[in-house]
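Report on the structure
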Amino acid sequence: MNVAGIPYRTIRLHADGVSVEVIDQTLLPHEFRLVHLHTLEDAVRAIADMVVRGAPLIGATAAYGMALALRQDASDTGLARAHAQLLATRPTAVNLRWAVDEIRTATIRLPPAERAAAAFRRAAQICEEDVALCSAIGEHGKRIIEAVAKRKGSGPVNVLTHCNAGWLATVDWGTALAPVYKAHDAGIPVHVWVEETRPRNQGASLTAWELGQHGVPHHVIVDNAGGHFMQHGAVDVCFVGTDRTTATGDVCNKIGTYLKALAARDCQVPFYVCLPSPSIDWTIRDGVAEIPIEERGADEVRLVRGLGPDGKPSSVLVTPQDSPVANPGFDVTPARLVTGLVTERGVGAASANGLAQLFPERASHG
Ligand code: MRU
């Protein structure tokens, strides 16, 4: 998507052929800076420190992290070490496990001298595939927006989204925002309510920024305002992303998603979850019981980060100095609250049956 009119992707192999270029998302929206990853350690740090974040982009970065590692050490031990270190960076997004497994499968049977090149090839393919999957999600989701626009007759379609499931969370297009971009680009008037998404404010800092760069009308709202806007008929449809969806359609996403799904159900607002198939964990069936929820640091809650009056990055303390803090990064929305899953293969019911119809080859293998 565009940044100041120039098309970008969130990750690519740099023209130097030896480093991987990513956008430092910790600096947005105030500074757009590209940084280079040269080693496994760089990739591990970039994921753990959330220089890159969002389930599909975490997967793509991990894939390149494996390739960078194999250039340093292509032995079986090197491969296993890279796999384990990358897997340990963030526990919830299943795309990470999928991506490192893909690279291991693509390289393990090769002689060590050929492994790094094969890993770079597969990592590049994973990125291209992600763009295609997200673009297809966008086309399917656009039809939902189109139908709402037809029913309404006039005025923009009001979409509510939580966190950042836009192009910054993927390689391009995004998941939840792909339908928005496709609709906007097709001339369908669309407006987005962007929930700020405390504590890290991915909505306020990333979603608002990328929508603004692409010229999509939006308002940033506090997380607590979403239910109010739904009650007052100001939300036509919710689109969110997911970090891990079970084989039965339970959806794990950024903390606060569950509350929005409850409000949407109470207000009869359709609540769609947009996901590429690598976000599905076919090995589990009960999201609340089985999905590991990342517990993040206390300072994310205690401190609010932004630009100070001098225009420099700064943090302010918003809790009593000594108050203990709990900071789960994700929650699970049970399948019963989800209107539909928007995948690259179309829109299906959030259920074992719905997913099996879309992905018969996976579901039959459990
Ligand atoms: O902690 P983050 O910023 O990595 O969390 C991101 C989200 O929760 C997204 O909604 C999710 O990854 C889906 S992204 C396409």
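Predicted model only: the values in this text are computed from it and were never measured. (Residues numbered from 1 in each chain as written. Predicted model: local features only at pLDDT ≥ 70, side-chain atom pairs only at ≥ 80, totals over all residues. Heavy atoms only, no water.)

**Description of the sheet that holds strand 3 (residues 11-13)**
Short version of the rule: A pair of strands is labelled paired if DSSP reports no fewer than 2 bridges between them. Under the DSSP-based scheme used, a helix requires at least four consecutive residues in state H or I and a strand at least two consecutive residues in state E, with every element numbered from the N terminus. A fitted line through C-alpha atoms represents every axis, and for helices the fit uses only the stretch in contact; the resulting angles, taken between N-to-C directions, go from 0 to 180 degrees.
Across the sheet, which stays open at both edges, the three strands sit in the order 3-4-5 with antiparallel pairing between neighbours. Edge positions in the open sheet fall to strand 3 and strand 5 (34-37), since each of these has one partner strand only. Each strand of the sheet is rotated relative to its neighbour by a mean of 25 degrees, with strand direction disregarded. As paired elements, strand 4 (residues 20-23) and strand 5 share four bridges and run antiparallel to each other.

**Quick notes on the layout of surface pockets**
So the rule is basically this: Cavities and pockets were defined on a 1 Å grid built from protein atoms only: a cavity is a group of points that admits a 1.4 Å probe but offers it no way out, a pocket is an open group of points flanked by protein on both sides within 12 Å along at least five of seven lines, and a lining residue is one with an atom within 4 Å of any such point. Grid points are joined across faces, edges and corners, and a volume is the space filled by probe spheres set on the points. In this count, Pro and Cys sit with the nonpolar residues alongside Ala, Val, Leu, Ile, Met, Phe, Trp and Tyr, while Asp, Glu, Lys and Arg are called charged and the others, Gly among them, polar. All the domain ranges listed were derived from an automatic or database domain assignment.
Looking at the largest pocket, its volume works out to about 650 Å³. Lining the largest pocket are 27 residues, with Thr26, Leu28, Arg200, Arg305 and Gly306 positioned closest to its centre. Broken down by secondary-structure element, the contributors of at least two residues to the lining of the largest pocket are helix 7 (202-214), helix 11 (299-302), strand 14 (303-307) and strand 15 (313-317). When residues of the lining of the largest pocket are assigned to their parent elements, the largest contribution, five residues, is made by strand 14. Looking at side-chain class alone, the lining of the largest pocket contains eleven nonpolar, nine polar and seven charged residues. Taken domain by domain, the makeup of the lining of the largest pocket includes at least three residues from each of domain 1 (2-129) and domain 2 (138-363).

**A short note on the domain arrangement of the protein**
It is common to give the size of an interface as the accessible area lost on bringing the parts into contact. Here is the rule: Reported buried area values correspond to the accessible surface (1.4 Å probe) lost by two parts on association, with both partners' losses combined. In protein, a polar contact means a hydrogen-donor-capable atom and an acceptor-capable atom, both N or O and within 3.5 Å, with residues adjacent in sequence counting only if both atoms are side-chain atoms; elsewhere, any N or O pair within 3.5 Å suffices.
By the assigned domains, the protein splits into domain 1 (2-129) and domain 2 (138-363). For domain 1 versus domain 2, the distance between C-alpha centres works out to 24 Å. Between domain 1 and domain 2 the total buried area reaches about 2800 Å² when both faces are included, carbon and sulfur atoms providing 56% of it. When the buried surface of domain 1 facing domain 2 is broken down by residue, Met50, Arg53 and Thr92 rank first, second and third, together holding 21% of it. On inspection of domain 1 and its partner domain 2, the count reaches 14 residue pairs in polar contact (both at pLDDT 80 or more). For the side of domain 1 that touches domain 2, the secondary structure elements donating two or more residues are strand 1 (2-3), helix 2 (55-72) and helix 4 (94-107). Class assignment of the residues belonging to the side of domain 1 that touches domain 2 gives a composition of 19 nonpolar, eight polar and five charged.

**Brief notes about unusual backbone geometry**
Leave glycine aside and you will find that most residues have negative phi; peptide bonds, for their part, are mostly trans. A cis amide bond links leucine 28 with the next residue in sequence, proline 29, at an omega value of 10 degrees. Within the fold, proline 29 resides in the loop between strand 4 and strand 5. Proline 199 follows arginine 198 through a cis peptide bond whose omega is 10 degrees. On the secondary structure map, proline 199 appears in the loop between strand 7 (190-195) and helix 7.

**Some thoughts on helix 6 (residues 178-185)**
To keep it simple, the criterion reads: The buried label goes to any residue with under 20% of its type's maximum accessible area, the exposed label to any with over 50%, and the partly exposed label to all in between, with areas taken from a 1.4 Å probe on protein chains only. Contacts: residue pairs with any heavy atoms within 4.5 Å of one another.
Judged by how many residues are buried, helix 6 sits mostly within the fold: six of eight residues are covered. Listed in full, the buried residues belonging to helix 6 are Ala178, Pro179, Val180, Tyr181, Lys182 and Ala183. Taken together, the buried residues of helix 6 touch helix 5 (112-152), strand 6 (157-161), strand 7, helix 7, strand 9 (237-240) and strand 12 (271-274). Downstream of helix 6 by a residue or two, glycine 187 has a phi angle that is positive, lying close to 85 degrees.

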